[in-house]
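# A structural walkthrough
Below, each chain spelled out in residue letters.
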Amino acid sequence: MAQVTVKQTGSPIRRTKDQRATLAGLGLNKMGRVSTLEDTPSVRGMIAKVAHLVEIVE
């Protein structure tokens, strides 16, 4: 399967609980962290939910 790499660019401070949990589900918890995941619809949905806090790395 295809892989997608995401990098955390925003802080989870002062974000809602569900956004912090979504970041944790993506394997991110500190700014600058990078995580490589399977490119599935559920992962894409999680990325969309916190799109203002992450970026997709090519």
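Residues numbered from 1 in each chain as written. Predicted model: local features only at pLDDT ≥ 70, side-chain atom pairs only at ≥ 80, totals over all residues. Heavy atoms only, no water.

## Comments concerning the nonpolar core
Grouped together as the largest cluster of nonpolar side chains are eleven residues: Val4, Val6, Leu23, Leu26, Leu28, Leu37, Val43, Ile47, Val50, Leu53 and Val54. If you list the elements that add at least two residues to this core, you get strand S1 (3-8) and helix H2 (41-49). The residues touching isoleucine 47, leaving out its near neighbours within four places in the chain, are Val4, Val6, Leu26, Val54 and Ile56. (Core = buried A, V, L, I, M, F, W, Y, C linked by side-chain atoms within 4.5 Å. Buried < 20%, exposed > 50% of the residue type's maximum accessible area, 1.4 Å probe, protein only. Helix = DSSP H or I, 4+ residues; strand = E, 2+ residues; numbered from the N terminus. Contact = heavy atoms within 4.5 Å.)

## Details of helix H1 (residues 17-25)
Along an α-helix, residues three or four positions apart point the same way, because every turn accommodates 3.6 residues. For H1, the complete set of buried residues consists of Gln19, Thr22 and Leu23. Mapping the buried residues of H1 onto a view down its axis gives an arc of 100 degrees, with all of them on the same face. More than 90 degrees from the buried face of H1, the exposed residues found are Lys17, Ala24 and Gly25. At its buried positions, H1 is contacted by S1, H2 and strand S3 (54-57). Two residues or fewer past H1, glycine 27 is found with a positive phi of approximately 85 degrees. (Arc of directions from axis to C-beta.)

## Examining the environment of valine 34
Residue position: valine 34 is located in strand S2 (residues 34-38). Distance in space between the C-alpha atoms of valine 34 and threonine 16 is 21 Å, their sequence separation being 18 residues. Those residues in contact with valine 34 that lie beyond four places of it in its chain are Thr5, Val6, Lys7 and Leu28.

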